[in-house]
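Examination of the molecular architecture
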Amino acid sequence: MHGAYILGIESSCDETAAAVVRSGEQLISNVVASQIATHQPYGGVVPELASREHLKAIVPVVRQALHEANRTYKSVDAIAVTRGPGLAGSLLVGISYAKALAFALEKPLIAVNHLEGHIHAVLLEERQKGNRELQFPVLALVVSGGHTHLYLAAEKENSWTYENIGHTRDDAAGEAFDKVAKLLGLGYPGGPVIDRLAPHGDANAVKFQPAQIKHRDRRGRADGRVVDADDPRPRYDFSYSGIKTAILRYVESHDMRSSIEDRRKRLAAIFKPKLEDYLSVCDRQTLDLVASFQRAIVQDLIGKTLAAAQEYNIATLFVTGGVAANQELRITFEQEAAKEGMPVYFPSRPLSTDNAAMIAAAAYPKFIANDFADMDFSAEAGLVLR
Ligand code: KG4
Ligand code: ZN
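Residues numbered from 1 in each chain as written. Chains lettered and ligands numbered in written order. Predicted model: local features only at pLDDT ≥ 70, side-chain atom pairs only at ≥ 80, totals over all residues. Heavy atoms only, no water.

**A closer look at the site of ligand 1**
Surveying the vicinity of ligand 1 reveals 17 residues, the closest of which are Gly145, Asp178, Gly191, Asp195 and Asp354. Between Asp178 and ligand 1, the recorded distance is 2.6 Å, taken from a side-chain N or O atom to an oxygen atom. A distance of 3.0 Å separates an oxygen atom of ligand 1 from a polar atom in the backbone of Gly322. Relative to its unbound accessible area of 550 Å², ligand 1 is 90% covered by the protein chains. A per-element tally of the shell around ligand 1 places helix H6 (residues 190-197) first, with three residues. For the shell around ligand 1, a count of residues per class yields three nonpolar, 11 polar and three charged. (Near = heavy atom within 4 Å. Polar contact = N/O pair within 3.5 Å; in protein donor to acceptor, adjacent residues only side chain to side chain. Areas by Shrake-Rupley, 256 points an atom, 1.4 Å probe, with all protein chains shown as cover. Helix = DSSP H or I, 4+ residues; strand = E, 2+ residues; numbered from the N terminus. Nonpolar A, V, L, I, M, F, W, Y, C, P; charged D, E, K, R; others polar.)

Take a look at the structure:
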């Protein structure tokens, strides 16, 4: 079989991942070692522990990805690694290992932006399904633990460029899921737990004020549209710290503290709690709160993205990143976009959250363009996507 076999390595946050992808269009292997168990007792990612876990996992994870792909170190054509954004110490583990491999094997090394990776997760899977007729302009919503960003994505002669037309002013959507889950004693990470609990509550039970979720400033409208005098192109910004504060106030005004503490203790005593375990420690009030919170986030994400899509005459929407795994977000987005005749593509759930297949896929156009990294490049925690 012809094509370029790229080994991707990802270590930007709390997942050590390696994958082999052929020519940006065929997933050959995809291995992800999660650190959830390590960080769970702390209710969030502890950067020092994350780096240590990456150090332990990186060699076996890469070996496993090659083994599952039936490849040897020598038979890959290039090595791609996440340069940023992410935790500096964690990124460095993947980068150092990728550099060592590239040097020893005399293979080209490709540095990839993690956010570009999330966008290419969609492209990889669509190509794999045989869908090659992508209509531009493309608008990509990258919605994860660290980002809620809208990008116009364009391709010219194998080179992709991105223009940011909106981002969160404070917390990212995934961060809000994680903080609210922690606040309610539901553990870490919050997204997957809230996703599964929300259908058991009444999403209309708790109303959040628009000001708690909609970003407004002096030039902004309620739909998030912001017009800057220096830049005539409208922006669509998000804000999710207000809803987290609203939930904190709700918890306090409804005397939920002691039941939350009780829940936290009971869940901590269960190894890998299942849905029934979560349901057994959640009363109706908590389930309603969780469902209402998720509904508010989902509607805000969809409303602003579709408003931006209309403004920019978008032909195709991508929704990607960890929060794109959310069931209600996927279903509602598809329904709402269909009403406007707009195709919307998500990665499969395993490729929505962090993985290395997306890094190997995003590296392919750079491989074709001989856009290789120098051996002296370093991690960039705040790397911007352009
Ligand atoms: O993309 P990702 O794996 O890592 C980052 O780049 O941040 O995203 C992780 C985020 C976490 O905040 C997690 O709670 C959220 O994605 N997440 C979800 C779901 N699965 C993961 N949020 C809502 N629903 C989910 N099913
Ligand atoms: Zn990510």
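**Observations concerning helix H8 (residues 241-253)**
Taking 1.5 Å of rise per residue, 13 residues should cover 18 Å, and H8 covers 19 Å from first to last C-alpha, within 8% of that figure. By the burial criterion, the buried members of H8 are Ile243, Ala246, Ile247, Tyr250 and Val251. End-on view of H8: buried residues confined to an arc of 140 degrees, all on one side of the axis. Seen from the buried face of H8, the exposed residues on the opposite side, beyond 90 degrees, are Arg249 and Ser253. Two residues or fewer after H8 comes Asp255, characterised by a positive phi angle close to 50 degrees. (Expected span 1.5 Å × (residues − 1). Buried < 20%, exposed > 50% of the residue type's maximum accessible area, 1.4 Å probe, protein only. Arc of directions from axis to C-beta.)

**Quick notes on the coordination of the zinc ion (ligand 2)**
The coordination sphere of the zinc ion (ligand 2) contains the protein donors His114 (NE2), His118 (NE2) and Asp354 (OD), at a distance range of 2.0 to 2.1 Å. Sequence positions of the donors to the zinc ion (ligand 2) reduce to the motif H-x3-H-x235-D. Of this pair, His114 and His118 both sit in helix H4 (residues 114-128), separated by four residues, roughly a single helical turn. Classification of His118 by relative accessible area gives buried; the value is 0%. (Donors = N, O, S within 2.8 Å, 3.2 Å for Na, K, Ca; no water.)

**A look at the pairing of strand E10 (residues 231-236)**
Here strand E9 (residues 225-228) runs beside E10; their pairing, made up of three bridges, is antiparallel. Each residue of the ladder has a partner; that of Arg225, found in E10, is Tyr236. Counted along the chain from E9 to the antiparallel partner E10, the turn is two residues long. (Pairing = 2+ DSSP bridges.)

**Some details on the side chain of Thr16**
For Thr16, the location among the structural elements is in strand E2 (residues 15-22). Residues contacting Thr16, with those up to four places away along its chain left out, are Glu10, Val31, Val32, Ala33, Gln35, Glu53, His54, Ala57, Ile58 and Val61. (Contact = heavy atoms within 4.5 Å.)

**Observations regarding the environment of Val193**
With respect to the secondary-structure elements, Val193 resides in helix H6. Here Val193 falls in the buried class, since its relative accessible area comes to 6%. Distance in space between the C-alpha atoms of Val193 and Phe177 is 9.1 Å, their sequence separation being 16 residues. Residues in contact with Val193, not counting those within four places in the same chain, are Leu186 and Tyr278.

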